[in-house]
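# Observations on the three-dimensional arrangement
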Amino acid sequence: MKFPAQLRTICPHCRVHTTQKLSVVKKRERGTLSGGQRRYLSVVSGYRGFPRPKVTPVKQTKKVDMRLKCPQCKKMHVKTRTFRVKKFELKR
Ligand SMILES: [Zn+2]
């Protein structure tokens, strides 16, 4: 679906409606320094196999992770009410 790249919504920091730029968060690699990730890597590295049963996904689509940036205070916040779509595109 096509979605507008700019939205006029409220900024939680200024508490004023402003036209904010919208961006989609890309998937990044997991950091290896956190405790859980170090534990996971140590388990996977040996002969012990996978630490937990692999979950097969039931849902076919994922929710879009969107951030809004306020031009006044230059702060970002998460757009909480999002939706599930297969294809997502920002309208220019
Ligand atoms: Zn603001």
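Structural data are supplied above this passage.
Position labels on residues start from 1 in each chain and follow its written sequence. Note on the predicted model: pLDDT of at least 70 is required for a residue's local features to be given, and 80 or more for side-chain atom pairs to be given and counted; whole-chain, interface and lining totals, by contrast, use all residues.

### Here's the deal with the overall build of the protein
Quick reminder of the rule: Comment: elements are numbered from the N terminus, with helices defined as DSSP H or I runs of at least four residues and strands as E runs of at least two. Based on C-alpha atoms, the radius of gyration is set beside the globule rule, defined as 2.2 Å times the residue count to the power 0.38. Residues are called buried when their C-beta atom has 20 or more other C-beta atoms within 10 Å, exposed when it has 12 or fewer, and partly exposed otherwise; all C-beta atoms are positioned from the backbone. For the purpose of contact definition, each residue receives a C-beta atom placed from its backbone, and two residues are in contact when these atoms lie within 7 Å.
The number of helices and strands found in the protein is 1 helix and 8 strands. Secondary structure elements in the protein, listed N-terminal to C-terminal, are β-β-β-α-β-β-β-β-β. For the protein, the C-alpha radius of gyration of 19 Å lies well beyond 12 Å, the compact-globule estimate for 92 residues. Looking at the protein residue by residue over its 92 residues, the buried ones come to 3%. Residue pairs at least 24 apart in sequence account for 54% of intrachain contacts in the protein once pairs closer than 6 positions are excluded.

### Thoughts on the sheet that holds strand β6 (residues 76-78)
To keep it simple, the criterion reads: We treat two strands as partners when DSSP finds at least two bridges between them. Note on geometry: axes are C-alpha line fits, over the in-contact stretch for helices, and angles between N-to-C directions span 0 to 180 degrees.
Taken together, 4 strands build an open sheet; the order of strands is β2-β3-β5-β6 and the sheet is antiparallel. Strands with a single pairing partner mark the edges of an open sheet, and in this sheet they are β2 (6-10) and β6. On average, each strand axis in the sheet is tilted by 40 degrees relative to the strand beside it, whichever way the strands run. Looking at chain direction, strand β3 (residues 17-24) and strand β5 (residues 66-69) are connected through 4 bridges and run antiparallel. Paired with valine 24 across the bridge in β5 is methionine 66.

### Looking at the environment of phenylalanine 88
Mapped onto the secondary structure, phenylalanine 88 falls in the loop between β7 (84-85) and β8 (89-91). Phenylalanine 88 sits in the partly exposed class, given 16 other C-beta atoms within 10 Å. Dropping the residues within four chain positions of it, phenylalanine 88 is found in contact with Met1, Phe3, Val24 and Val64.

### Quick notes on the pairing of β3
Summarising the sheet, β2 and β3 pair through 5 bridges and their orientation is antiparallel. Bridge pairing links threonine 9 to threonine 18 in β3. Between β2 and the antiparallel strand that follows it, β3, lie 6 residues; arginine 15 among them carries a positive phi value of about 60 degrees.

### Notes on the environment of glycine 31
Here glycine 31 shows up in the loop between β3 and α1 (35-45). Separated by 36 residues in the primary sequence, glycine 31 and arginine 67 place their C-alpha atoms 21 Å from one another.

### Some remarks on unusual backbone geometry
At arginine 15, a residue that is not glycine, the phi angle is positive and equals roughly 60 degrees. Take arginine 15: it is sitting in the loop between β2 and β3. At lysine 74, a residue that is not glycine, the phi angle is positive and equals roughly 60 degrees. With respect to the element layout, lysine 74 can be found in the loop between β5 and β6.

Nothing here speaks to function; it is all geometry.
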